Amino acid sequence: MMKYSATLTGILLLGVAVLRGAQPVPAQTANEMIARARAYLGGDAALDAVNSVHFRGVLEPGNANPAGTKPEKLAVEIIFQKPYQQRIVITGAESIETTALDGASGWEEGREGPDPGQLRVLRPDQIKQLQANTWENLNFYKGIEQRGGSVAVLDSAQVEGHPAVKLVFTHDPGIVYYHYFDPESGRLLLTETEQGMSIREEGEIFAGGVRFPRRVIQTTKSLDSHGQSVEQKLVLSFDKITLNETFPESDFELPLVSLSSPAPVNPGGLDKLRSEEHTSELQ
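Residues numbered from 1 in each chain as written. Predicted model: local features only at pLDDT ≥ 70, side-chain atom pairs only at ≥ 80, totals over all residues. Heavy atoms only, no water.

The next subject is the overall build of the chain. For the chain, the helix and strand inventory stands at 4 helices and 18 strands. Summed over all atoms, the accessible surface of the chain reaches about 12,800 Å², with 50% contributed by carbon and sulfur. (Helix = DSSP H or I, 4+ residues; strand = E, 2+ residues; numbered from the N terminus. Areas by Shrake-Rupley, 256 points an atom, 1.4 Å probe, with all protein chains shown as cover.)

Positionally, Glu192 belongs in strand S11 (residues 188–193). Despite its burial, Glu192 remains without a salt bridge, the nearest opposite charge being carried by Lys166 at 4.8 Å. In this structure the side chain of Glu192 is engaged in a polar contact, spanning 2.8 Å, whose partner is the side chain of Tyr180. (Buried < 20%, exposed > 50% of the residue type's maximum accessible area, 1.4 Å probe, protein only. Lys, Arg positive; Asp, Glu negative; His and termini not counted. Salt bridge = Lys/Arg side-chain N within 4 Å of Asp/Glu carboxyl O. Polar contact = N/O pair within 3.5 Å; in protein donor to acceptor, adjacent residues only side chain to side chain.)

Now for the pattern of salt bridges. All chains considered together, the criterion is met by 10 salt bridges. Linking Glu108 and Arg120 is a salt bridge whose minimum nitrogen-to-oxygen distance equals 3.2 Å. With Glu108 in strand S6 (residues 105–112) and Arg120 in strand S7 (residues 118–121), this pair connects stretches of sequence that are 12 residues apart. The burial state of Glu108 is the same as that of Arg120; both residues are buried. In this structure, a network of salt bridges that share partners links the residues Arg38, Asp44, Asp48 and Lys142.

A separate point is the packing of aromatic side chains. Enumeration over the complete set of coordinates arrives at 5 aromatic pairs. With a centroid separation of 5.1 Å and an interplanar angle of 90°, the aromatic rings of Tyr141 and Phe181 are classed as edge-to-face. One end of the pair, Tyr141, is in the loop between helix H4 (124–139) and strand S8 (150–159); the other, Phe181, is in strand S10 (residues 175–181), and 40 residues separate them in sequence. By the burial criterion, Tyr141 is buried, and Phe181 matches it. Every member of this aromatic cluster is reached through a ring pair, and the members are Phe55, Phe80, Phe212 and Phe238. Between the NZ or CZ atom of Lys166 and the centre of the ring of Tyr178, over which it lies, the distance is 5.1 Å. If you follow Arg211 out to its NZ or CZ, it ends over the ring of Tyr40, 4.0 Å from the centre. (Phe/Tyr/Trp six-rings, centres within 6.5 Å; stacked < 30°, edge-to-face > 60°. Lys NZ or Arg CZ within 6 Å of the ring centre and 35° of its normal.)

Dropping the structure here:
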């Protein structure tokens, strides 16, 4: 188990594309680029008002299946709540996977069929990764210094032939997100993580005056048994996004049951997937 939720936190950072030779772009400071990116997403007033985001959608493999078999579509529910709470539930025909963060603690549980499942406590490094991911999804690039991180203009690049400004967001020495922005509009073109994930977005959904993607596509590269490079893709499609619901502590707290040893997997880093309730309107 934990096949999908172990990496799903990385898919919400938005933004895979081919980087080619960089072309000059107008010089901008990190703060100037962040201001432009936030304006594109909806502006300070709308973004600063976000306390929670509730995503509902479908997760499916993006790679072609052997022998043309149809991939299973899994129901996905994702919750982010300030300051550092996160819950992901992935439900299949006979399985359910849950990953949760509650401030400084986290856990995951996998169930298949009638089995009771296995609950595991996350390691400190996994918890730090989920904390950074939660911040990325709720703060929209602003104020990383307040959590001990930093942001800087790294260099210029091209994303699929488009000039881009590349900002590096460092939450911790091992937790870094690279965001590539259109220098004129502020639109996010690409996100990469230190773990080697690339995430791009397609389409739009507006909720509470904030712009979200309709689909998020995560690509990871690895080596197969023959040493050949292979790509694995996950596609997350949203059908509803709701802002500023209030979720109880029990949604994130560690269940009071017997625990196994700390989880051996790294929850990854699915870089973005916004009290008054706002519900998405598909465009």
